[in-house]
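Structural overview for review
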Amino acid sequence: GQQVMQIPQYQHVQEGEDFTTYCNSSTTLSNIQWYKQRPGGHPVFLIQLVKSGEVKKQKRLTFQFGEAKKNSSLHITATQTTDVGTYFCADGGSNYKLTFGKGTLLTVNP
Amino acid sequence: DAGVIQSPRHEVTEMGQEVTLRCKPISGHNSLFWYRQTMMRGLELLIYFNNNVPIDDSGMPEDRFSAKMPNASFSTLKIQPSEPRDSAVYFCASSIAGYNVLTFGAGSRLTVL
């Protein structure tokens, strides 16, 4: 798998503020997956993006895949305390091997 | 479905001891993965099985680590002898081959003193 870089490493917001995490690759990605890991928990699959420029929404979460398929973003509108956790992107290019980014830890101040 | 089941959830042991972690994948999933998670290195793939056969063990740190999958419903990850630097959370995950969306177990938190 290719290396994917995530920024920022940490993000602290006030409840109600928006949040965005970015995932970047130096090479073209076949597809990208996003996972969420709550504190003390395990990664849970959120979504997979495959097409160039693809945008998918899950309630307050918006996922985008760049036109060049080298970057992706996850945007949360009006964060809630339940959004706390680490968000990982993963390069799903190989037919089995996911390469995970280091993740963005989101904390939300109520 | 109970999901991916791992045991033990927590293990504290002393350096030099043998550690065995266990995993039961989701029924019908024919791919199984062992990952290690640390603050410094993030999520690292240790080994991947497909239909009970080890396909990629390039992530296994060294000979002290071994993994087996004797049947479709059970896998073990063994560390012998354990060292303090092995302290981490070890996750087992399973998927359907060719559809690489992973379902993770709750993890086994290992502390080696």
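In what follows, the accompanying structure is described. (Residues numbered from 1 in each chain as written. Chains lettered and ligands numbered in written order. Predicted model: local features only at pLDDT ≥ 70, side-chain atom pairs only at ≥ 80, totals over all residues. Heavy atoms only, no water.)

Some details on the nonpolar core
Of all hydrophobic cores here, the largest spans 21 residues; its most connected members are L32(B), W34(B), F49(B), M60(B), L77(B) and Y90(B). Secondary-structure elements contributing two or more residues to this core are strand 3 (19-24), strand 4 (31-38), strand 5 (42-50), strand 7 (65-71), strand 8 (74-79), strand 9 (88-96) and strand 11 (108-112) of chain B. Discounting residues that sit within four places of it in the chain, Y90(B) has contacts with Q6(B), L21(B), Y35(B), R36(B), L46(B), F65(B), L77(B), I79(B), G107(B), S108(B) and L110(B). Counting 19 residues, the second largest nonpolar core, distinct from the first, contains V13(A), W34(A), L49(A) and L74(A). (Core = buried A, V, L, I, M, F, W, Y, C linked by side-chain atoms within 4.5 Å. Buried < 20%, exposed > 50% of the residue type's maximum accessible area, 1.4 Å probe, protein only. Helix = DSSP H or I, 4+ residues; strand = E, 2+ residues; numbered from the N terminus. Contact = heavy atoms within 4.5 Å.)

Focus: the state of the cysteines
All names here are of chain A. All told, the structure shown has 2 disulfides over all chains when counted by the stated rule. With its sulfur 2.0 Å from that of its partner, C23 forms a disulfide with C89. Judged by the sign of its S-S torsion, about 70°, the cystine formed by C23 and C89 is right-handed. With a gap of 66 residues between them, C23 in strand 3 (residues 19-25) and C89 in strand 9 (residues 85-91) connect regions that are remote in the sequence. Classification of C23 by relative accessible area gives buried; the value is 1%. (Disulfide = S-S within 2.5 Å.)

Quick notes on the sheet that holds strand 8 (residues 71-76) of chain A
Residues and elements named next belong to chain A. Overall, antiparallel pairing links the 5 strands, which are arranged 1-3-8-7-6 in an open sheet. For this open sheet the edge positions go to strand 1 (4-7) and strand 6 (55-58), each flanked by a neighbour on one side alone. On average, each strand axis in the sheet is tilted by 15° relative to the strand beside it, whichever way the strands run. Pairing analysis gives 5 bridges linking strand 7 (residues 61-65) to strand 8, with the strands arranged antiparallel. (Pairing = 2+ DSSP bridges. Axes fitted to C-alpha atoms, helices over the stretch in contact; angles between N-to-C directions.)

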